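Geometric and topological summary
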Amino acid sequence: MDSDLPMVTVPLWHANAVVLFDWLLTTDLNTVPITRPAQKQALMDLLTRLESDVDADIASSTEEEIAAAQEAVARDMGW
């Protein structure tokens, strides 16, 4: 990412970060429907930021922590 570009901060619940990181890490992004190459790149950038910049060590979450995060996020889906 270009450090000269404007940045945004997105507050994210820890469980959501764990779920997103796990999904991005285990999903073949070549199979995700996109309409523009920038969408795939944005997902890769998100994965990189979750892996390197998140305060909690998201990248080293155990299978149990991932399962607990998935349960917590799914609990309040409301649909």
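Presented here is a report on the structure given in the accompanying data block. (Residues numbered from 1 in each chain as written. Predicted model: local features only at pLDDT ≥ 70, side-chain atom pairs only at ≥ 80, totals over all residues. Heavy atoms only, no water.)

**Regarding helix α3 (residues 63-75)**
Operational definition: Strands are runs of DSSP state E lasting at least two residues, helices are runs of H or I lasting at least four, and both sets are numbered from the N terminus onward. The span expected for a helix works out to 1.5 Å for each residue beyond the first. Contacts: residue pairs with any heavy atoms within 4.5 Å of one another.
Taking 1.5 Å of rise per residue, 13 residues should cover 18 Å, and α3 covers 18 Å from first to last C-alpha, within 8% of that figure. Contacts from the buried residues of α3 go to α1 (14-26).

**Considerations on the nonpolar core**
Threshold: Grouping buried Ala, Val, Leu, Ile, Met, Phe, Trp, Tyr and Cys residues that are joined through side-chain atoms within 4.5 Å yields what is termed a nonpolar core. Relative accessibility decides the category of a residue: with a 1.4 Å probe and only protein chains considered, values under 20% of the type maximum give buried, values over 50% give exposed, and everything between is partly exposed.
V18, F21, L24, L50 and I58 are the most contacted members of the largest nonpolar core, which totals 13 residues. Where this core is concerned, the elements lending two or more residues are α1, α2 (37-53) and α3. The element contributing the most residues to this core is α1, with five residues. In contact with F21, other than residues within four places in its own chain, are L47, L50, E51, I58 and A59.

**Remarks on the packing of α1 against α3**
How two helices pack is summed up by the angle between their axes together with the distance between the axes. This is how the line gets drawn: Only C-alpha atoms enter the line fits that serve as axes; for helices the fit covers just the stretch in contact. Angles between N-to-C directions range over 0 to 180 degrees. Take the far helix as your reference; a near helix turned counterclockwise from it by less than a right angle gives a left-handed crossing, and one turned clockwise gives a right-handed crossing. Classification convention: Asp, Glu, Lys, Arg as charged; Ala, Val, Leu, Ile, Met, Phe, Trp, Tyr, Cys, Pro as nonpolar; all other residues, Gly among them, as polar.
Where α1 contacts α3, the two axes come as close as 8 Å, and the packing angle between them is 115°. In the crossing of α1 with α3, the sense of the turn from one axis to the other is left-handed. Judged by residue contacts, A15, N16, V18, V19 and D22 of α1 engage E65, I66, A69, Q70, A72 and V73 from α3. Split into classes, the residues belonging to the contact of α1 with α3 amount to seven nonpolar, two polar and two charged.

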